[in-house]
Amino acid sequence: MSESHGMPGPVPVYADRETGAKFPDATSMVNAYLAKFAARAKLTNDDGTSLVPTLDETGYTQIQRGSALIGINVLEKQGVLMVFSPIMPVPIAGREAFFKKLLELSFVQTSDAAFAINADQDEVVVRNLRRLSGLDYEELEDILSTVGEVADRWDDELVRDWGG
């Protein structure tokens, strides 16, 4: 039965399929995956020391990949991982053509990511949403790579063509 009928929904699974490691919550799982990602990608601070991103008390952290700043947000209450990268402010002029371009690009050019508008910031982002339950490391790595590559690929061109 669903939660709308007074019965609890399915219990989320926070375990890595490859290693069998079980996590008490989504934040612990994503932090473990981020540590593995940082080691594999050899993430470093400006001074050259190793960088291991960790989610803050709100479930947020960010990493830099090429020209893309990637936000990682665990929305545990909603059961969702949101990974996004800001591209540019929403342009004032030519919005209809601009929005059409974003929708066309999101159809096949963005893999499993998509362009979206962050209304609070009035900015265009590349984003991916994924259910937290059952997430494994390879999926997180793929999501981070996809969002970073799409943002890095399109940010300069969209800013050049539409201002920013």
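Residues numbered from 1 in each chain as written. Predicted model: local features only at pLDDT ≥ 70, side-chain atom pairs only at ≥ 80, totals over all residues. Heavy atoms only, no water.

## Considering the pairing of strand β1 (residues 60–65)
Part 1 of the argument: Judged from the 6 bridges that link them, β1 and strand β2 (residues 68–75) form a sheet pairing that is antiparallel. Paired with I63 across the bridge in β2 is I70.
Part 2 of the argument: The hairpin formed by β1 and β2 contains 2 residues between the paired strands, and G66 there has a positive phi angle of roughly 65 degrees. (Pairing = 2+ DSSP bridges. Helix = DSSP H or I, 4+ residues; strand = E, 2+ residues; numbered from the N terminus.)

## A word on the pairing of β2
On a regular strand, one side chain projects to one face of the sheet and the next to the other, so that they alternate.
Part 1 of the argument: By the criterion of burial, β2 is predominantly enclosed, with 6 of the 8 residues buried.
Part 2 of the argument: As paired elements, β2 and strand β3 (residues 80–89) share 5 bridges and run antiparallel to each other. Bridged to I72 within β3 is V83.
Part 3 of the argument: The turn linking β2 back onto β3 is made up of 4 residues, and G79 within it adopts a positive phi angle of 75 degrees. (Buried < 20%, exposed > 50% of the residue type's maximum accessible area, 1.4 Å probe, protein only.)

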